[in-house]
Each structure stands twice: as C-alpha cells, then as structure tokens.
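Spelled out from the first residue to the last, the chains are:
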Amino acid sequence: MQREGIFREMKLRRSYEKPSEKRAREQAEAVRRARKLLRKRMDREGF
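Draft legend 1. Spatial organisation of the overall build of the chain. A count of helical and extended segments in the chain gives 2 helices and 0 strands. Taken along its principal axes, the extent of the C-alpha atoms in the chain is 45 × 25 × 10 Å. For the chain, buried positions account for 4% of its 47 residues. Carbon and sulfur atoms make up 52% of the accessible area of the chain, which totals about 5000 Å².

Given below as structure tokens:
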C-alpha cells in the first residue's frame, strides 16, 4: 500500500491544501523524481 501512495494520499486529504501549496509540492515532487531518475541512469551507465 505504501508503494501505491495510499498512506501519503490519506495524509494529504486530512486537511485543506491551498492551491499555491499544492503547486509547490507537486513541483518539488517532480524535481525529486527527475533527480532520482537521473541518479539511477548514471549508476547504470557507470558514471
């Protein structure tokens, strides 16, 4: 369930999130995903 993000979604739905906070959070998550993907790619290629 944790891998599917159910716990995280439950936590987010507990309280109201302002649209500006939501945008900032989603942008930060996108940056985190991109960095993680780049890190994995670099490990595979041996850099």
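Draft legend 2. Quick peek at the pattern of salt bridges. On inspection of all chains with the given rule, the structure shows 4 salt bridges. In this structure, the salt-bridge partner of Glu29 is Arg8, at a minimum N-O distance of 2.9 Å. With a gap of 21 residues between them, Glu29 in helix α2 (residues 19-45) and Arg8 in helix α1 (residues 6-13) connect regions that are remote in the sequence. When its relative accessible area of 47% is taken as the criterion, Arg8 is described as partly exposed. Here Arg25 ties to Glu17 by a salt bridge, and the two come within 2.8 Å at their closest N and O atoms. Under the relative-accessibility criterion, Arg25 is labelled partly exposed at 22%. One network of salt bridges, with partners in common, ties together Arg8, Glu17, Arg25 and Glu29.

Draft legend 3. View of the side chain of Glu29. On the basis of relative accessibility, which here comes to 18%, the residue Glu29 falls in the buried class. Reaching out from Glu29, the side chain makes a polar contact with the side chain of Arg8 at a distance of 2.9 Å.

Draft legend 4. Highlighting a positive patch on the surface. Together, Arg35, Lys36, Arg39, Lys40, Arg41 and Arg44 make up a region of like positive charge exposed at the surface. Arg39 sits in the exposed class, given a relative accessible area of 51%.

Here is what the cut-offs are and how they apply
Residues numbered from 1 in each chain as written. Predicted model: local features only at pLDDT ≥ 70, side-chain atom pairs only at ≥ 80, totals over all residues. Heavy atoms only, no water. Helix = DSSP H or I, 4+ residues; strand = E, 2+ residues; numbered from the N terminus. Buried < 20%, exposed > 50% of the residue type's maximum accessible area, 1.4 Å probe, protein only. Areas by Shrake-Rupley, 256 points an atom, 1.4 Å probe, with all protein chains shown as cover. Salt bridge = Lys/Arg side-chain N within 4 Å of Asp/Glu carboxyl O. Polar contact = N/O pair within 3.5 Å; in protein donor to acceptor, adjacent residues only side chain to side chain. Patch = residues over 30% accessible without salt bridge, like charges linked within 9 Å, V, L, I, M, F, W, Y side chains within 5 Å. Lys, Arg positive; Asp, Glu negative; His and termini not counted. Charge placed at Lys NZ, Arg CZ, Asp CG, Glu CD.

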